[in-house]
Structure formats: C-alpha cells, structure tokens
Amino acid sequence: MQVQPILIVTRDAGLWESWQLLSEAGKKPYRGVDLQDVLHWKSMGNHLVIVDMALLKQSNAKDGWQQYFEGLRVLVLSAHMSDAEGQLVLAKGACGYAHTHLSNDALVLIVNSIDTGAIWLGRSLLQRMLQDIEQRLPVITDSDWAQLLSVREKEVARLASTGHSNAEIAQQLLITERTVRAHLSSVFEKLHVDDRLKLALKVHGIQR
C-alpha cells in the first residue's frame with residue numbers, strides 16, 4: 001500500500017505528537033508551522049492537509065483563508081468548536097471541521113473521508129445547514145434522484161436531507177435504525193453521494 005503524505009500545520013508540539021499518529025494508518029505526516037507552508041505543500045502537488053484553527057485565528061485576515069484551502073483537501077481542527085466558526089471555514093473552502101482533541105480512530109476516519117471527496121462537519125452544524133437548505137429551497141420530487149429510489153428510500157432520503165438523525169427517521173417511519181442505515185446505504189450508492197450534505201443538495205436540485 002502506498003503511503004500517503006499529509007501536511008499537519010500547527011505550532012503546538014502536543015498536537016503534532018498526537019496527530020502524527022496518522023502514520024499508523026497509512027499516512028506520512030509532515031509538519032508545517034505556518035500557513036505559508038500550506039501554499040508550498042500545494043505547489044509540490046500534494047493535497048491532504050490538517051490545519052490547527054489557532055493558526056487561522058492568529059492570521060486575522062479571514063478573507064485570505066481561501067487561498068490556503070483552494071485546490072486542497074483541508075481538515076480544520078478547533079479546540080473551541082462552534083457552528084459559526086464551522087460555517088466560516090467551510091465557506092472559505094475547507095472540506096472538514098472537527099474537534100482538536102478527537103480520538104486517533106476518529107481522526108483517521110475523518111481524514112480518509114475527506115480524502116475521498118466527502119465533507120465532514122459536526123452533527124449540530126450539519127443539522128443546521130440541512131435545515132437552512134430545507135427552508136430556502138423546495139424539494140425537487142420529480143427529478144432523476146427520486147426516480148432512482150424505491151418509495152421507502154425516497155422517504156428516508158427526504159428525512160435525512162432535512163437534518164433528521166437515523167433514530168428520528170426510524171421513529172417517524174416505524175422501522176429500526178438498522179433498516180434506516182440499510183436504506184441510506186442504498187440511497188447513497190444509487191445517487192452517487194457519500195454524505196448527507198451532498199444528498200441534500202441532490203434532493204433540492206443543486207447537485208446533478
């Protein structure tokens with residue numbers, strides 16, 4: 001298996017020590033201590049990056065963050081997460097937003113997820129964004145996405161795309177969470193999406 005390089009940008013020695021454990025999961029961590037290291041990393045043809053939110057805050061120039069995210073798969077990790085902060089970094093082009101002190105297993109999962117093109121964000125922020133999409137845009141029920149799914153799959157997709165959890169979907173449809181997961185897996189495969197945000201965009205006619 002080819003070892004994949006990943007740039008870890010932080011000035012915190014403790015975080016570097018923790019995050020470089022990604023080396024145990026097929027990654028080759030390189031350390032950066034400044035946001036300019038991200039630009040150099042991109043110029044070398046690499047794409048996977050973890051950035052400490054503390055460095056972004058120190059830069060102050062929020063309008064300039066986009067240059068550090070564009071063309072890269074960037075995960076921003078923050079010690080003091082908030083929905084507003086998460087929305088900001090995602091709007092600037094980051095692919096993921098999570099807590100600084102998550103477990104190594106969770107970090108591996110998130111890094112692998114964004115590396116495949118998925119967007120990763122906390123549950124409360126995801127729910128807020130899905131609800132915002134629901135309020136602003138109609139569901140396109142006669143679109144290609146609906147024609148590809150069974151009646152039950154359409155119900156599950158509709159509820160998942162508006163921010164409902166698996167437990168909430170199961171309760172509303174009087175089915176088990178295991179069945180919900182099975183339906184969602186089928187929905188994702190049929191619609192060629194890999195997360196609920198992309199599902200919501202598909203359901204509301206934004207993503208084709």
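Just above sits the structure.
Residues numbered from 1 in each chain as written. Predicted model: local features only at pLDDT ≥ 70, side-chain atom pairs only at ≥ 80, totals over all residues. Heavy atoms only, no water.

*Asks:* Got a minute to help me understand the layout of surface pockets in this structure?
*Replies:* Rolling a probe over the atoms, with the probe sized like a water molecule, indicates the empty space that remains. Space inside the largest pocket adds up to approximately 210 Å³. Forming the walls of the largest pocket are 11 residues, and the residues nearest its centre are Ile119, Trp120, Asp194, Asp195 and Arg196. Looking at the lining of the largest pocket, its residues break down into seven nonpolar, one polar and three charged. (1 Å grid on protein atoms, 1.4 Å probe; cavity = no way out; pocket = protein on both sides within 12 Å on 5 of 7 lines; lining within 4 Å. Points joined across faces, edges and corners; volume = space filled by probe spheres on them. Nonpolar A, V, L, I, M, F, W, Y, C, P; charged D, E, K, R; others polar.)

*Asks:* Is there a simple way to explain the environment of Leu72 in this structure?
*Replies:* Relative to the helices and strands, Leu72 resides in the loop between α4 (66–69) and β4 (73–78). Classification of Leu72 as buried rests on a relative accessible area of 4%. Sequence separation of Leu72 and Trp41 is 31 residues, and the distance between their C-alpha atoms is 9.5 Å. If near-sequence neighbours (up to four positions away) are discounted, Leu72 is found in contact with Val38, Lys42, Asn46, His47, Val49 and Cys95. (Helix = DSSP H or I, 4+ residues; strand = E, 2+ residues; numbered from the N terminus. Buried < 20%, exposed > 50% of the residue type's maximum accessible area, 1.4 Å probe, protein only. Contact = heavy atoms within 4.5 Å.)

*Asks:* Mind showing me how you'd approach the side chain of Glu153 here?
*Replies:* Structurally, Glu153 is set in helix α9 (residues 151–160). Overall, Glu153 belongs to the buried group, its relative accessible area being 7%. At a separation of 2.7 Å, a polar atom in the side chain of Glu153 contacts the side chain of Ser186. Excluding residues that lie within four positions of it along the chain, Glu153 makes contacts with His183, Ser186, Val187 and Lys190. (Polar contact = N/O pair within 3.5 Å; in protein donor to acceptor, adjacent residues only side chain to side chain.)

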